[in-house]
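Summary of structural features
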Amino acid sequence: MTREEVIKDLREKFKSDIIELFDKSPKRIYVEIKPESITKLSEFIFRNLGARFNIASGVDVRYHIEILYHFTIEEINLLISVRVKLPKDKLEIDSIANIIKGANWIEREINEMLGINFKGHPNLKKLLLPDEWPEGIYPLRRDYDEWDKNAIRDRGV
Amino acid sequence: MSLKLNALLKSPWVFHLSTGSCNNCDIEILDCLTPRFDIERFGMLLVGSIKHADVLLVTGSCNRKSAERLKRLYEQAPKPCLVVAIGECSLSRGMFIDSYNCPLPLDKIVPVSVYIPGCPPKPEAIIAGVVKLIEKVKKGT
């Protein structure tokens, strides 16, 4: 399997799901897809193309929140980043933790840091933040401001 | 000077706590204890439990989760217990001062006896800090 075959495969099989396929460099492609087809596409990349799931990353880009799922195919040295854009009034997406076990913890972290609801996740509770962290406050959103009145933010000089 | 502190100076046993540091300070502490700098020859021994320790070495910027653990450890330590803050993060939280998860500096959580700045502090700086701590306790301040 070569790099061209992978791109051709993705273009043909997911013609209606892919919004844009951006060929950035010899080592990297970005695939922007519709949010509802993430399980289908990630299962195909993971099982059929033999890719490794690296990590997912969530970013608040002011107008929407986007998640990037990074997959590597090591034989051909290619990094596939699957990009999903979620509108701010409907922050939910299907969980891929049932297909890929390694996505379990990063989905929990994205859930507590950005407030995205992963539908069908087996155990969606807090991973890094303490238990007394208030509901509905997400620290990596752009509009986050301090809720804790006891916190000291000056250097004491 | 109290009898307890006098006895402590002969051989202060240390307990090492990392409250979410990047591990550089921890490596420098281990450099101090292992044969190159070898402060074990002065009786400073790393112990596995806070209940055996006289000195608590703290590295890292205390986050909301580890601050609770730090308080509990300080309660369990036999008194008098001296706290040594090692590295910029535990002194003032360093670059994490505006982080959502680091609300308080270390000395607002437990009383601190010695501050050793640096990112990470050299083993020589840690030894100098320990010497200053012993001088301070000897003078009884």
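Preceding this paragraph is the structure being described.
My aim in this report is to walk through the structure given alongside it, one point at a time.

What counts as what
- Residues numbered from 1 in each chain as written.
- Chains lettered and ligands numbered in written order.
- Predicted model: local features only at pLDDT ≥ 70, side-chain atom pairs only at ≥ 80, totals over all residues.
- Helix = DSSP H or I, 4+ residues; strand = E, 2+ residues; numbered from the N terminus.
- Buried ≥ 20, exposed ≤ 12 C-beta atoms within 10 Å, placed from the backbone.
- Contact = placed C-beta atoms within 7 Å.
- Rg over C-alpha atoms; globule rule 2.2 N^0.38 Å.
- Nonpolar A, V, L, I, M, F, W, Y, C, P; charged D, E, K, R; others polar.
- Pairing = 2+ DSSP bridges.
- Axes fitted to C-alpha atoms, helices over the stretch in contact; angles between N-to-C directions.
- Core = buried A, V, L, I, M, F, W, Y, C linked by C-beta atoms within 7 Å.

1. Re the overall build of chain A
Of regular secondary structure, chain A possesses three helices and seven strands. Each helix and strand of chain A, placed in order from N terminus to C terminus, yields the pattern α-β-β-α-β-β-β-β-α-β. In chain A, which comprises 157 residues, the proportion classed as buried is 19%. Sequence-distant contacts, at least 24 apart, represent 49% of the contacts inside chain A between residues at least 6 apart.

2. Notes on the overall build of chain B
Counting its regular elements, chain B contains five helices and five strands. When the helices and strands of chain B are placed in sequence order, the string is α-β-α-β-β-α-β-α-β-α. Its C-alpha atoms give chain B a radius of gyration of 14 Å, near enough to 14 Å, the size a compact globule of 141 residues would have. Out of the 141 residues belonging to chain B, those deemed buried represent 38%. Of all intrachain contacts in chain B linking residues separated by at least 6 positions in sequence, the fraction that spans at least 24 positions is 81%.

3. What about the interface of chain A and chain B?
If you look at the interface, chain A gives nine residues, while chain B gives ten residues. The class makeup of the residues in the side of chain A that touches chain B is five nonpolar, one polar and three charged.

4. So, the pairing of strand E3 (residues 52–60) of chain A
Residue and element names in this part refer to chain A. Judged from the eight bridges that link them, E3 and strand E4 (residues 64–73) form a sheet pairing that is antiparallel. By the bridge assignment for E4, Ile 55 is matched with His 70. Between the antiparallel neighbours E3 and E4 lie three residues, among them Arg 62 with a positive phi of about 70°.

5. Some thoughts on the pairing of strand E2 (residues 28–33) of chain A
Residues and elements named next belong to chain A. For strand E1 (residues 18–25) and E2, the ladder comprises six bridges, and the chain directions are antiparallel. Note on E2: the bridge partner recorded for Glu 20 is Glu 32. Remark: two residues form the turn of the hairpin made by E1 and E2, two consecutive strands paired antiparallel. For E2 and strand E5 (residues 78–87), the ladder comprises six bridges, and the chain directions are parallel. The residue of E5 that forms the bridge with Val 31 is Val 82.

6. Observations concerning the sheet that holds E1(A)
Residue and element names in this part refer to chain A. The five strands lie next to each other as E1-E2-E5-E4-E3, forming an open sheet whose pairing is mixed. Sheet topology places E1 and E3 at the edges, where each strand pairs with a single neighbour. Recorded for the sheet is a direction-independent mean angle of 20° between the axes of neighbouring strands. On top of the sheet, helix H3 (residues 103–114) reaches E3 and E4; it is set at about 5° to E3, its chief contact.

7. Topic: the sheet that holds strand E3 (residues 55–59) of chain B
All names here are of chain B. Ordered by their spatial adjacency, five strands build an open sheet running E2-E1-E3-E4-E5, and the pairing between neighbours is parallel. Since the sheet does not close on itself, it has two edges, and those belong to strand E2 (45–46) and strand E5 (114–116), each with one partner. Two elements, strand E1 (residues 13–18) and E3, share five bridges in a ladder whose sense is parallel. Note that in E3 the partner of Ser 18 across the bridge is Thr 59. Here helix H2 (residues 24–33) sits on the sheet and contacts E1, E2, E3 and strand E4 (82–86); the angle it forms with E3, its principal contact strand, is near 140°. On the sheet, helix H5 (residues 123–139) packs against E4 and E5 and is oriented at approximately 165° with respect to E5.

8. A few points about the nonpolar core
Counting residues in hydrophobic clusters, the biggest one holds 30 residues, and the most contacted among them are Leu56(B), Leu57(B), Val58(B), Val84(B), Ala85(B) and Ile86(B). Elements represented by at least two residues in this core include exactly E1, H2, E3, helix H3 (64–76), E4, E5 and H5 of chain B. Sorting elements by how many residues they give to this core places E4(B) first, with five residues. Beyond its immediate stretch of four places on either side in the chain, Leu57(B) contacts Val14(B), Phe15(B), His16(B), Leu17(B), Ile29(B), Val84(B) and Ile86(B). Core analysis: the second largest hydrophobic core is formed by 23 residues, Tyr69(A), Phe71(A), Ala103(A) and Phe118(A) among them.

9. What about the environment of Asp26(B)?
Residues and elements named next belong to chain B. Checked against the element boundaries, Asp 26 lands in helix H2. Here the alpha-carbon distance between Asp 26 and Cys 62, two residues 36 residues apart in the chain, equals 15 Å. Not counting residues within four places of it along the chain, the set of residues in contact with Asp 26 comprises Ser 18, Ser 21 and Thr 59.

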